[in-house]
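So the chains spell out like this:
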Amino acid sequence: ALGGGDVASVIFPAYGMDDAAYQRHLEVCVPIAQAHGAAAIAVNDTRAFGRTGADGLHVDTGLEDIADAMEKAKGQSIVGAGGAETRHRALEMGEQRPDYMFFGRFGMDTKPEPHKRNLALAEWWAAMVEIPCIVMGGASLETLGEAAGTGAEFVALSRAVFGGGADPAQAVAEANSILADYELTEDA
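Keep in mind that this is a model prediction, so the values were computed, not measured.

K.L.:
How would you explain helix α3 (residues 63-73) if you had to name every residue and give the values?
P.N.:
Among all positions in α3, only Ile-66, Ala-69 and Ala-73 are buried. Take α3 and look down its axis: the buried residues cluster within an arc of 65 degrees, on one side only. The exposed residues of α3 that point more than 90 degrees off its buried face are Glu-64, Glu-71 and Lys-72. On its buried face, α3 sits against β3 (56-59), β4 (78-82) and α4 (87-94). Just past α3, the residue Lys-74 takes up positive phi, approximately 45 degrees.

K.L.:
Account for the sheet that holds strand β7 (residues 154-156), with residues named and values stated.
P.N.:
Spatially, seven strands are ordered β1-β2-β3-β4-β5-β6-β7 in an open sheet, and the strand pairing comes out parallel. Only two strands of the sheet have a single partner each, and these edge strands are β1 (9-12) and β7. In this sheet, adjacent strand axes meet at a mean angle of 25 degrees when their direction is disregarded. Here four bridges tie β1 to strand β2 (residues 39-43), and the two strands are oriented parallel to one another. In the sheet register, Ser-9 faces β2, and the bridge partner there is Ala-39.

Cut-offs applied
- Residues numbered from 1 in each chain as written.
- Predicted model: local features only at pLDDT ≥ 70, side-chain atom pairs only at ≥ 80, totals over all residues.
- Heavy atoms only, no water.
- Buried < 20%, exposed > 50% of the residue type's maximum accessible area, 1.4 Å probe, protein only.
- Helix = DSSP H or I, 4+ residues; strand = E, 2+ residues; numbered from the N terminus.
- Arc of directions from axis to C-beta.
- Contact = heavy atoms within 4.5 Å.
- Pairing = 2+ DSSP bridges.
- Axes fitted to C-alpha atoms, helices over the stretch in contact; angles between N-to-C directions.

Geometric descriptors of this kind do not, in isolation, establish any biological role.
So, in structure tokens, the structure goes:
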């Protein structure tokens, strides 16, 4: 997938792995992502994040954890926030000044189209707040324009790249092409 085109970052959820297995997973994956110029982002596990040389930490376990991660990072690594399901909650998280806000949930891109609430939150956030946002796309590249249309700075893809027998490199190349065409249309 990383050889297929432009990938800004790779977020590595634990998906049920225990702490030791997750750390081993990151020890293998972080250098691969970094070798391709993508930021490697651990999820919620500060210990594995620190031990594996990941570029950042995604936190979706609450305001206190986001604040703690921001304090520890001191601007030296990426800290992203997720888990906001309302505008109010998103603004509370945004007060911690994370490097990005993520709208969606890992593993929940089970339908071809992105979740409507995620799209609405990302569109509102992108129009109102300076902190960049990422919106979770759907399981099909055919709906990528819906996510891109929110104005979010980034679109996260999972099943659209790795699911259903897809060729990950080809899927990333196609996603890049769709996004490039969309940006040209929006700029015109």
